[in-house]
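In case you want the letters, here they are:
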Amino acid sequence: MIARTPLTPAFLREHRWAYAGLVVVVGAASALSTASIGLLAAAGDGDGLTFASETPRAAAEARVALESVQYVTGLIAGVCLFFAVFLVGSATGFAVEGRRRELAMLRLAGASPGRVTRLVLGEAAVVGVVAASGAAVVGMVLLAPYASLLVRLDLAPPGFEPSVRPVLAVVCAGGVAVVAVVGALVPARRVGRVRPIEALAQADAVRTRLGRGRLVRGVLGALTVLALLVLPPSVGEVQAVTLLLAGASVVALSAFAPVVIPAVARFVGAVAVRVAPGAGLVAREHAAWDVRRTAALGNPVLLLVALATALFMVAQTGQAIGLLEWRDQIRADVMASSERTVGAGEGSGGLGTAEAERPDLGLEASAVRYETSHRWAWPEGRPGLPTVAWTDPEALASVVDAAVVAGRMSDVDGDAVATIDRSAQVGDALEIVAPDGSLRELTVAAVVMSTAFVQDDVLAADGALREPGDVVDSRWFITGPPGVDPATVVEDARRALPDADVVTVPEWVGARIQAGRVAQTQGLSALIGGAGILALCAVAQSVGTSMRERRGELRLLQRVGAGRRSVVGTAVLEVVVVLTTAAVLAVVAAVALYARMVSYLRHDEVDLMPSVPVGVLAVVLAAAVVVAVASAAAGAWSATSARSA
């Protein structure tokens with residue numbers, strides 16, 4: 001019978017380098033979880049944000065900014081936690097599965113299955129608690145720079161300064177440690193039941209089979225993918241369907257990795273064989289056969305690429321659809337935009353300012369001005385930030401369709417205004433705080449359904465409610481006479497309005513779409529940045545652990561005549577084959593997402609192609625290749641050194 005000795009410390013010392021990679025993954029998960037949840041808690045308490053202000057508008061802006069940062073930090077925390085649970089569990093299981101032969105030796109020496117399982121769980125608990133606890137301290141240190149990054153990207157308001165919460169760090173560290181132990185539970189029970197005869201096996205690589213749990217996950221994921229692909233475009237919402245399809249694709253591909261990866265790896269490896277016949281053949285066969293190591297390396301990349309593709313496509317396409325609706329609803333040819341300050345005499349009645357300052361167009365073109373101010377505020381107790389717009393209500397109907405739900409636009413004059421608040425009734429009193437801090441009492445004369453530009457809370461007549469000194473966004477809708485080319489109208493408008501930015505309406509919408517995509521790319525990059533770091537740590541852990549496990553195999557290549565550099569090159573080529581395999585599978589998932597979204601857009605008759613973040617995906621794959629190649633080269637070089645022999 002095996003002696004009752006404390007084996008856990010001894011095994012940890014023996015496998016300290018193998019567990020080093022797991023420590024990195026668990027530590028990264030703990031640090032990122034602590035930082036992201038710390039941001040969420042800080043946003044909930046409004047750390048660093050001042051709500052008492054001299055102006056009602058500034059106080060309202062602070063409240064809205066708090067809601068915005070709560071939403072952003074909630075998304076960051078959710079993404080980081082999802083990756084932490086998935087990758088920590090996978091990394092722990094990968095480390096345990098690699099010791100089947102060693103643990104079978106314990107069974108051969110008389111250890112019971114329960115003893116082996118408890119041994120593995122003890123190791124996972126020690127590694128998880130130590131790594132998670134130390135990294136949680138790092139996560140608290142990262143709170144301040146993480147918050148500063150969000151402020152620079154306009155994802156959080158200035159002054160957002162999270163405070164350190166030690167209790168929260170302890171909870172996060174404990175949660176990550178529990179995930180590590182739970183991730184080791186299933187493989188620990190599996191290796192605890194290995195036959196003792198497996199201790200005599202010579203092959204280190206274990207070809208993973210489709211277990212019952214993996215088979216169930218794969219079938220459910222595949223059925224969900226199939227259902228979402230054949231779902232009629234008239235059913236469901238495009239953003240929700242795209243995100244569900246991305247998640248189901250990852251579940252199905254990762255579960256069926258033992259079946260899918262060998263076939264794809266052999267196809268990809270055929271190219272490697274042509275480039276380097278000897279090393280390419282070894283790399284291809286090993287990548288196709290040792291599915292456990294191949295899946296551990298490819299799954300983090302596949303998960304990150306699929307998630308990034310879905311998030312970027314959903315966010316950017318959703319915004320573009322809204323802007324294209326504006327383009328289709330605006331009947332003007334040209335848009336002239338500028339910023340100006342309201343003059344001292346513009347608040348009086350009489351001739352509207354739009355009529356008094358109408359541009360001197362040489363063509364027989366019509367011009368309707370629409371101006372908005374963002375310096376007004378609701379009284380305390382009413383959420384949100386209002387915008388006030390001025391125009392000629394009746395002339396506006398010639399440019400956009402302002403659907404009147406109640407009342408008449410012709411009654412909008414003076415303190416009688418229109419609103420997009422569908423709960424308002426004609427004749428209701430409406431209080432609003434002017435830029436100078438005074439409370440204005442208004443009356444609802446009409447309720448308007450929100451359209452292209454009628455999206456402001458209060459729509460006033462052009463000569464009313466203006467506050468001298470208020471800075472407003474001014475737009476002229478210019479429509480040329482029949483038969484006149486829009487380019488001619490643009491030139492005429494530029495002459496009449498030299499200080500304005502004059503473009504055609506489609507060009508203006510296109511510029512807004514492009515600017516929105518750039519801003520969202522920055523924001524979403526920050527959103528998935530922590531998940532990307534965690535995925536790269538998982539890549540480094542899987543490659544480093546694989547090189548340690550394969551020391552005997554790599555030294556055998558040396559004994560049969562391969563040089564040390566050739567052995568290292570073979571190891572590097574193998575990880576390139578595996579990552580290329582993961583990239584191919586990720587492209588398949590991305591194509592499915594793209595095709596599904598295109599079908600919805602065509603059904604809705606939207607003249608738009610989905611935006612695919614090619615640049616972001618290229619950076620993700622390049623970073624994964626660099627980390628994997630560096631880890632493989634360092635691990636193979638160390639494994640083939642004379643000292644490790």
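Going by the structure above, here's the rest.
The paragraphs below set out a description of the structure included in this document. Quick caveat: nothing in here was measured; it's all calculated off a predicted structure.

## Observations concerning helix H18 (residues 614-639)
No. 1: For H18, with 26 residues, the first-to-last C-alpha span of 37 Å sits near the 38 Å given by 1.5 Å per residue.
No. 2: Those residues of H18 that fall on the buried side of the exposure criterion are Val616, Leu617, Val620, Ala624, Ala628, Ser631, Ala632, Gly635, Ala636 and Ala639.

## Considering the packing of aromatic side chains
Where two aromatic rings form a pair, the distance of their centres and the angle of their planes describe that pair.
No. 1: Counted under the stated rule, the structure contains 1 aromatic pair.
No. 2: Between Tyr370 and Phe477, the aromatic rings sit 6.5 Å apart at their centres with planes inclined by 70 degrees, giving edge-to-face as the arrangement. Here Tyr370, found in strand S2 (residues 366-373), pairs with Phe477, found in strand S9 (residues 471-479); they are 107 residues apart in sequence, far enough to count as distant.
No. 3: Classification of Phe477 as buried rests on a relative accessible area of 1%.
No. 4: Over the face of the ring belonging to Trp637 we find Arg564, whose NZ or CZ atom lies 3.7 Å from the ring centre.

## Examining helix H7 (residues 212-230)
No. 1: Compared with an ideal rise of 1.5 Å per residue, which puts 19 residues at 27 Å, H7 spans 27 Å between its outermost C-alpha atoms and is within 8% of the ideal.
No. 2: Looking only at H7, the buried set comprises Gly218, Gly221, Val225 and Leu228. Here the buried residues of H7 occupy an arc of 100 degrees about the axis, which is enough to place them on one side. Seen from the buried face of H7, the exposed residues on the opposite side, beyond 90 degrees, are Arg212, Leu220, Leu223, Leu226 and Val230.
No. 3: For H7, the elements touching its buried residues are helix H8 (238-255) and helix H17 (564-603).

## Let's talk about the side chain of Thr372
No. 1: With respect to the helices and strands, the residue Thr372 is situated in strand S2.
No. 2: Discounting chain neighbours no more than four positions away, the residues touching Thr372 are Val388, Ala389, Trp390, Asp456, Val472 and Asp473.

## Remarks on the pairing of strand S6 (residues 429-433)
Every other side chain in a regular strand lies on the same face of the sheet, so the side chains alternate between the two faces.
No. 1: Direction of pairing for S6 relative to strand S7 (residues 439-448): antiparallel, over a ladder of 5 bridges. Within S7, the position partnered with Ile432 by the bridge is Arg440.
No. 2: Between S6 and S7, which pair antiparallel one after the other, the connecting turn spans 5 residues, and Gly437 there sits at a positive phi close to 95 degrees.

## Details of the packing of helix H10 (residues 277-289) against H17
No. 1: H17 packs onto H10 with a crossing angle of 50 degrees between their chain directions and a minimal axis gap of 8 Å. Taken as axis vectors, H10 and H17 run oblique relative to one another. The two elements H10 and H17 cross, and the hand of that crossing is right-handed. Residue-level contacts link Ala279, Gly280, Val282, Ala283, His286 and Ala287 of H10 to Thr570, Leu573, Glu574, Val577 and Val578 of H17.
No. 2: Taken together, the residues that form the contact of H10 with H17 break down as 7 nonpolar, 3 polar and 1 charged.

Basis of the calculations
Residues numbered from 1 in each chain as written. Predicted model: local features only at pLDDT ≥ 70, side-chain atom pairs only at ≥ 80, totals over all residues. Heavy atoms only, no water. Helix = DSSP H or I, 4+ residues; strand = E, 2+ residues; numbered from the N terminus. Expected span 1.5 Å × (residues − 1). Buried < 20%, exposed > 50% of the residue type's maximum accessible area, 1.4 Å probe, protein only. Phe/Tyr/Trp six-rings, centres within 6.5 Å; stacked < 30°, edge-to-face > 60°. Lys NZ or Arg CZ within 6 Å of the ring centre and 35° of its normal. Arc of directions from axis to C-beta. Contact = heavy atoms within 4.5 Å. Pairing = 2+ DSSP bridges. Axes fitted to C-alpha atoms, helices over the stretch in contact; angles between N-to-C directions. Parallel < 35°, antiparallel > 145°, perpendicular 65-115°, else oblique. Left-handed = near helix turned anticlockwise from the far one by under 90°. Nonpolar A, V, L, I, M, F, W, Y, C, P; charged D, E, K, R; others polar.

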